[in-house]
Amino acid sequence: MGSSTAQYGTAALGRYIEGGHKKVDGWLSPLDAHLTALIAMIQAEEGVAGSVGEIGVHHGRLFIALALATKAGERAFAADLFAEQAANIDRSGEGDEAAFARNMARFQVDAARVDTFRGNSMDLKWPMVEGKVGARARLFSVDGGHTEEVAANDLRLADDGLHERGVVILDDYFNVEFPAVSVALNKVMFERPGHLAAFAIGDNKLFLCRPAVAAHYRDRLNALVADRFKVHNTLMFGRELAVFRTPRGLLLRIRQSALARRLRDHPVGRWLKPLVRRILQG
Ligand SMILES: C[S@@+](CC[C@H](N)C(=O)[O-])C[C@H]1O[C@@H](n2cnc3c(N)ncnc32)[C@H](O)[C@@H]1O
């Protein structure tokens, strides 16, 4: 984000956020990577310790940032269908365990700190995860199945496992291509009043935590994020939260378009990718 890598606390995480993540196939904008790393840094500064992890890791683009944010003694969990793609109902992305392992090695994630859960998240319960990672989650990304049933299941899991100062990172809440994700969160908010509050919106992530700490996270992010990403504070679920956006140039708009997203997993898209990357990098 054009600033020093030192701001994220560790050099490896800094390098990954500043550019490394763009080399891993997946869905995570530089701003959303930056917001995630800032939250991890705030937690480290304030002595919040726990586990980190994600449902729906694909090739590891966001997961690697979470794993690089772990401190000594902390563990990371990675859940994905991987080889069981027959259960991938909405096909919002295909996990690939070999690519995931290669990317973790490439960015020097300590594999000994990672617990992998292969299979349908509908069969996962928080005690199974905590039994491996040994602590409640301080960062929990929900980006697996995008149907109403699966997204709601994964959000309940995140709520069950969330540290009192933990943060849930929800993908695609505002993506018109996946309206079931919005329905799923709204349903869980209604079912479990007072459990979760939204405190920030990024390019394609909604950040939630326990209501008692929501204003604190919102205010700390507002103080740390540069003006060019700040839109405004607004209300959601009855509370004030911060909205951040990447200013969108023409090339960025093309790259983030629905067509580019669809092409990415198509043979034609894979063939075009090196050429497009060369053009975008000038
Ligand atoms: C949009 S991709 C995740 C992108 C990833 N978070 C990133 O940083 O690029 C969605 C992932 O969820 C996985 N998935 C879909 N349905 C699932 C389910 N029911 N249980 C577990 N994983 C699932 C897919 O295999 C895919 O890897």
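Residues numbered from 1 in each chain as written. Predicted model: local features only at pLDDT ≥ 70, side-chain atom pairs only at ≥ 80, totals over all residues. Heavy atoms only, no water.

The name given to the protein chain in an unreviewed UniProt entry is Class I SAM-dependent methyltransferase, with the source organism recorded as Oleomonas cavernae.

1. Structural notes on the pattern of salt bridges
For the structure shown, the criterion picks out 16 salt bridges. Here D115 ties to R75 by a salt bridge, and the two come within 2.9 Å at their closest N and O atoms. Placement of the pair is D115 in strand 3 (residues 114-118) and R75 in the loop between helix 3 (61-68) and strand 2 (76-80), with a sequence separation of 40 residues. Note that E94 and R91 form a salt bridge whose closest N and O atoms lie 3.1 Å from each other. You can call E94 partly exposed: its relative accessible area is 42%. Residues joined in a network through salt bridges with shared partners are E45, E46, R165 and R220. (Salt bridge = Lys/Arg side-chain N within 4 Å of Asp/Glu carboxyl O. Helix = DSSP H or I, 4+ residues; strand = E, 2+ residues; numbered from the N terminus. Buried < 20%, exposed > 50% of the residue type's maximum accessible area, 1.4 Å probe, protein only.)

2. Looking at the nonpolar core
Of all hydrophobic cores here, the largest spans 49 residues; its most connected members are F63, V167, F199 and L221. Discounting chain neighbours no more than four positions away, the residues touching F63 are G53, E54, V57, A76, F77, A78, F100, M104 and V114. The next biggest cluster of nonpolar side chains, apart from the first, holds 34 residues, and it includes A137, Y173, V188 and A198. (Core = buried A, V, L, I, M, F, W, Y, C linked by side-chain atoms within 4.5 Å. Contact = heavy atoms within 4.5 Å.)

3. Let's talk about the site of the ligand
The environment of the ligand is made up of 23 residues, and the closest members are W27, G56, D80, G95 and D143. When grouped by side-chain class, the residues that make up the shell around the ligand number five nonpolar, 13 polar and five charged. (Near = heavy atom within 4 Å. Nonpolar A, V, L, I, M, F, W, Y, C, P; charged D, E, K, R; others polar.)

4. Here we look at the pairing of strand 4 (residues 137-142)
The side chains of a regular strand alternate between both faces of the sheet. Among the six residues of strand 4, six are classified as buried, and the element is accordingly described as predominantly covered. Across five bridges, strand 1 (residues 51-55) lies against strand 4 in parallel orientation. Each bridged residue has a counterpart across the sheet, and for I55 the counterpart in strand 4 is V142. Inspection of the sheet shows strand 4 paired to strand 5 (residues 162-171) by five bridges, in the parallel sense. Following the sheet pairing, A137 is matched in strand 5 by L162. Running through helix 6 (residues 148-161), the crossover from strand 4 to the neighbouring parallel element strand 5 is right-handed. (Pairing = 2+ DSSP bridges. Right-handed = clockwise from strand over helix to strand, strands pointing away.)

5. As for the domain arrangement of the protein chain
The domain architecture assigned to the protein chain consists of domain 1 (5-247) and domain 2 (248-282). Once you take the C-alpha centre of each, domain 1 and domain 2 turn out to be 24 Å apart. (Domains from an automatic or database assignment.)

6. Notes on the side chain of H21
Relative to the helices and strands, H21 is located in the loop between helix 1 (11-18) and helix 2 (30-45). Residue H21 is classed as buried on the basis of its relative accessible area, which comes to 0%. Once residues lying within four places of it in the same chain are set aside, the contact partners of H21 are Y16, L28, S29, P30, A33 and R61.

7. Here we look at the packing of aromatic side chains
What the rule picks out here adds up to nine aromatic pairs. Judged by centre distance (4.7 Å) and plane angle (80 degrees), the ring pair of Y173 and F174 falls under edge-to-face. The rings of F63, F82 and F100 are connected pair by pair, giving a single aromatic cluster. (Phe/Tyr/Trp six-rings, centres within 6.5 Å; stacked < 30°, edge-to-face > 60°.)

8. Examining helix 7 (residues 179-191)
In this model, helix 7 (13 residues) spans 19 Å end to end at C-alpha, consistent with the 18 Å of a helix rising 1.5 Å per residue. The set of residues buried in helix 7 consists of V181, S182, A184, L185, V188 and M189. End-on view of helix 7: buried residues confined to an arc of 160 degrees, all on one side of the axis. Looking at the buried positions of helix 7, the neighbouring elements they touch are helix 6, strand 5 and strand 7 (205-209). (Expected span 1.5 Å × (residues − 1). Arc of directions from axis to C-beta.)

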